[in-house]
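# Examination of the molecular architecture
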Amino acid sequence: MKNRAKIINAICLKLIDKILLPVFREFPFFVLFLVGISVMPIRFIPSHLHYFYWERIYNFFILDFPRAGVIAYAFTLWVYYTRSKLIKIGGYVLASILFTVCIFLHLVFNKTLQPDIITLIAETNSNESSEFISTFLCTKGGALTVFFLLLYIGIIIVLEKYKERIYQGIQLFRYKTGLNVLVVAFLICGIFQLKFYKEITSVETIDDLPVDYGGYDSFTSLFYSLYSIRLVHLEMKHAVVVTKSIPVKTQVSDKDTLNLVYVIGESYIRSHSQLYGYGLPTTPYLSEENKKGNLFVFDNVVSPFNQTSLTMKNTFCSNSLRNHEKWSDYPYFPAIFKKAGYQVYFWDVQKDDSIQALFEFSLNSFVYNKELMQEAYSQVSKNHFQYDNQAVVDFAKETRLSASHNLVIFHLMGQHMDPGKRYPHTKEFEKFTSRDIRGDKPYLTDSKRQFIAEYDNATRYNDYVLKHIIDLFRDKNTVLVYFSDHGEEVYDYRDSYGRVDFDNQHIKEGVKYQYEVPFMIWCSNPFMEKNPQIIHDIKRALHRPFKTDEICQILFHLAQLKTAYYRKKQDLLSPDYLPYERVLGNGINYDRVR
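A brief structural summary.

Rules and cut-offs
- The residue numbers shown here count from 1 along each chain, following its written sequence.
- Reporting of local features is limited, given that this is a predicted model, to residues whose pLDDT is at least 70; pairs of side-chain atoms are given and counted only at 80 or more, and all residues count toward the totals for whole chains, interfaces and linings.
- The side-chain quantities take in all heavy atoms of the structure and omit both hydrogens and water.
- Helix and strand definitions here come from DSSP, where helices need a minimum of 4 consecutive H or I residues and strands a minimum of 2 consecutive E residues; each element is numbered from the N-terminal end.
- Per-residue accessibility, obtained with a 1.4 Å probe over protein chains only, is compared with the maximum for each type, and a residue is labelled buried under 20%, exposed over 50%, and partly exposed between these values.
- Between two residues, a contact is recorded if the distance between any of their heavy atoms is within 4.5 Å.
- Note on disulfides: each one is a pair of cysteine sulfur atoms within 2.5 Å.
- Given a helix with a known number of residues, its expected span is that number minus one, times 1.5 Å.
- The rule for pairing is simple: two strands pair if DSSP sees at least two bridges between them.
- Only Phe, Tyr and Trp rings take part, Trp by its six-membered ring, and two of them pair if their centres are within 6.5 Å. Stacked means planes under 30 degrees apart, edge-to-face means over 60, and tilted covers everything else.
- Each axis is a line fitted through C-alpha atoms, taken for helices only over the stretch in contact, and angles between the N-to-C directions span 0 to 180 degrees.
- An angle below 35 degrees is read as roughly parallel, one above 145 as roughly antiparallel, one from 65 to 115 as roughly perpendicular, and any other as oblique.
- Crossings are assigned a handedness: left-handed for a near helix turned anticlockwise from the far helix by less than a right angle, right-handed for a clockwise turn.
- Think of a salt bridge as a Lys or Arg side-chain nitrogen and an Asp or Glu carboxyl oxygen that are within 4 Å of each other.
- Definition of nonpolar core: a set of buried residues of the types Ala, Val, Leu, Ile, Met, Phe, Trp, Tyr and Cys, connected through side-chain atoms within 4.5 Å.

To continue, consider the overall build of the protein chain. Per the secondary structure count, the protein chain includes 24 helices and 13 strands. The burial tally for the protein chain puts 56% of its 594 residues in the buried class. Considering only contacts in the protein chain between residues 6 or more positions apart, those separated by 24 or more positions represent 79%.

Structure, rendered in structure tokens:
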């Protein structure tokens, strides 16, 4: 009996030795690949917005780290049995890239590798990429990222140099048997966590993907993100089919001519607008239109998301998030207008043709889908623009509004980061400097005050651009709708800019600056004279709560469009409008925390 036990024990030990031989033979690769994809160090590096949770510790040590261990083991087996230096170098490169990206995202944005990050990278053109690098690489987080990458590479070189000594040291380790058992138990725990891959690949829609995952194993996060993007691509194909099936009975009810102008801003902090009480004159032209009675300013409007892609999809399609409707199940509203007889013009400052061939899943591949373009647009901009007003000038030059009904869409760059690059640096537009920025917050250095001043200059330039658009239509029967896709932060209540995640202590401030958006309607004198009832409807709705995913209902109202997709209870201007508690895309109930 004892001999049998000894034999079984010896067999088990030999089996364990064989299983772990690749790990110990390629110990530097196993450990450094594991560290690289689990990004263990950065979870405990304080950032300016890092908050420590016990849940994070559990997710890391029980879920993410063991799963990353199995992945590292699989790559180590590949390296060990192929004996290929090229494969080993490729493994180190992959781990280094994931390590660097995740450290950068954590230190600069307090984010991990997620689908929205991959999508954002895909939707960023070459100019935005260079601006992004120049803006963030020179920050403290960017510098630390470079430091940790160089340190990581240095450790790889040193450990690979002494790989044989490390192996011999492990073989002579006094408690090697205990080490073997510990590593095997670690890998077994990781094998159980691989079930997450089955959960990911078993779903068919983006809404069915598991949401509550650790996300600190960057290899798994990358897989999750890429699979999510695949599902989004399928959704977009479905959305095009839905749009092409718009009923023919959609029609214009108004016999008169009408120009409906739809302007989408970018990264506009509502509280930095003079129209909403900001202390600096950032909107002189619009303020004058407001005094004359042509501009109507709404003061209780939020965006459903703080991300351009999600906001655009849910505002361009005729779905409603209050009813939990998916954007891809409802038609693209410009196509509804075209079906009704409108000429539809789309001038987009954020367009970049180089993206289309590479990333069919992106927002651009949706709004510029070839089939959809035939259904939705009469003419689109062909040029690229450095500044928003160049697009307005180009529109005036390239178009002739000969039809009786026109829908004109401008998608502006607005105040998108870096705001200092959103306006010409001439005397006319360099209105504010760091000396104009008040406040006694301790983190407000001169350079940060200058950054805020540049944001306010970009806001003032946006005001100039809107004036130019208005001037094109001032004497015509025209109504213009303007809103921003989301807000932003520029050191308003904390030492942060952009749309960095906020914690529970700053929910109220976070939603204020990132989700509250300016929303306004401008009416020409001819339109006001011909449509007194609509003007009455607008005035009555100025203080009603609204979320911009239902904005197409307002457009249907203003155009008096007869369509099966009009729903009066979701139309802010309708007397039958039904207010409701607005839940944002991050799950926060805005009306309960404001």
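Taken as a whole, this structure holds 0 disulfides when the rule is applied. Here cysteine 317 is not disulfide-linked; the sulfur of cysteine 552 is the nearest cysteine sulfur, at 8.8 Å. Judged by relative accessible area, which is 0%, cysteine 317 ranks as buried.

Moving on to helix α9 (residues 176-193). For α9, spanning 18 residues, the distance from its first C-alpha to its last is 26 Å, which sits close to the expected 26 Å at 1.5 Å a residue. Considered for burial, the residues of α9 that qualify are Lys176, Asn180, Val183, Val184, Leu187, Gly190 and Gln193.

With that settled, consider the pairing of strand β3 (residues 295-298). Alternating residues of β3 divide into Leu295 and Val297 and Phe296 and Phe298, and every residue in both groups is buried. Sheet topology places β3 next to strand β11 (residues 519-523); 4 bridges connect them, and they run antiparallel. The residue of β11 that forms the bridge with valine 297 is methionine 520.

For the structure shown, the criterion picks out 43 aromatic pairs. Look at tyrosine 80 and tyrosine 81: their rings are 4.9 Å apart centre to centre, the planes differ by 80°, and that puts the pair in the edge-to-face class. Judged by centre distance (6.0 Å) and plane angle (50°), the rings of phenylalanine 519 and phenylalanine 546 are tilted. Of this pair, phenylalanine 519 sits in strand β11 while phenylalanine 546 sits in strand β12 (residues 546-547), and the two are 27 residues apart along the sequence.

It is worth spelling out the sheet that holds β3 at this point. Overall, mixed pairing links the 7 strands, which are arranged β3-β11-β8-β2-β7-β5-β6 in an open sheet. The outermost strands of the open sheet, each flanked by one partner alone, are β3 and β6 (379-380). On the sheet, helix α12 (residues 284-292) packs against β3 and β11 and is oriented at approximately 105° with respect to β3. Helix α23 (residues 551-559) contacts β2 (258-265), β8 (478-484) and β11 of the sheet and is inclined by roughly 160° relative to β2.

Judged by how many residues are buried, β2 sits mostly within the fold: 8 of 8 residues are covered. Side chains Leu258, Leu260, Tyr262 and Ile264 project from β2 onto one buried face, and the interleaved Asn259, Val261, Val263 and Gly265 project onto a second face that is buried too. With 7 bridges joining them, β2 and β8 adopt parallel strand pairing. Bridging from a neighbouring strand, glycine 265 pairs with serine 484 of β8.

Right, let's get into α23. In terms of residue burial, α23 counts as a mostly covered element, since 9 of its 9 residues are buried. Downstream of α23 by a residue or two, glutamine 560 has a phi angle that is positive, lying close to 50°.

With that settled, the discussion passes to the packing of helix α2 (residues 27-38) against helix α4 (residues 85-109). Interhelical geometry of α2 versus α4 gives an angle of 25° and a closest axis separation of 8 Å. Viewed along their axes, α2 and α4 adopt a mutual orientation that is roughly parallel. Relative to α4, α2 is oriented so that their crossing is left-handed. Two secondary-structure elements touch here, α2 through Pro28, Phe29, Leu32, Phe33, Val35, Gly36 and Ile37 and α4 through Lys88, Gly91, Tyr92, Leu94, Ala95, Leu98 and Phe99.

Turning next to the pattern of salt bridges. A complete count under the given rule lists 23 salt bridges for this structure. Residues glutamate 516 and arginine 270 are paired through a salt bridge, measuring 3.0 Å at the closest nitrogen-oxygen approach. Remark: arginine 270 occurs in the loop between β2 and α12 and glutamate 516 occurs in the loop between α20 (507-514) and β11; sequence separation between them is 246 residues. Arginine 270 matches glutamate 516 in its accessibility class, with the two residues each being buried. A salt bridge links aspartate 591 to arginine 582; the shortest N-O distance between them is 2.6 Å. For aspartate 591, a relative accessible area of 26% translates into the label partly exposed. Since its relative accessible area comes to 0%, arginine 582 is described here as buried. Several salt bridges converge on common partners, so that one network encompasses Glu289, Lys292, Lys467, Asp471 and Arg474.

A word on the nonpolar core. Grouped together as the largest cluster of nonpolar side chains are 70 residues, with contacts concentrated most on Leu20, Phe33 and Val511. Ranked by size, the runner-up nonpolar core spans 60 residues in total, among them Val344, Leu372, Val481 and Tyr577.

Counting through the fold element by element, asparagine 457 comes out in helix α19 (residues 446-473). Other than its neighbours up to four places away in sequence, asparagine 457 contacts Tyr423, Phe429, Glu430, Lys431 and Phe432.

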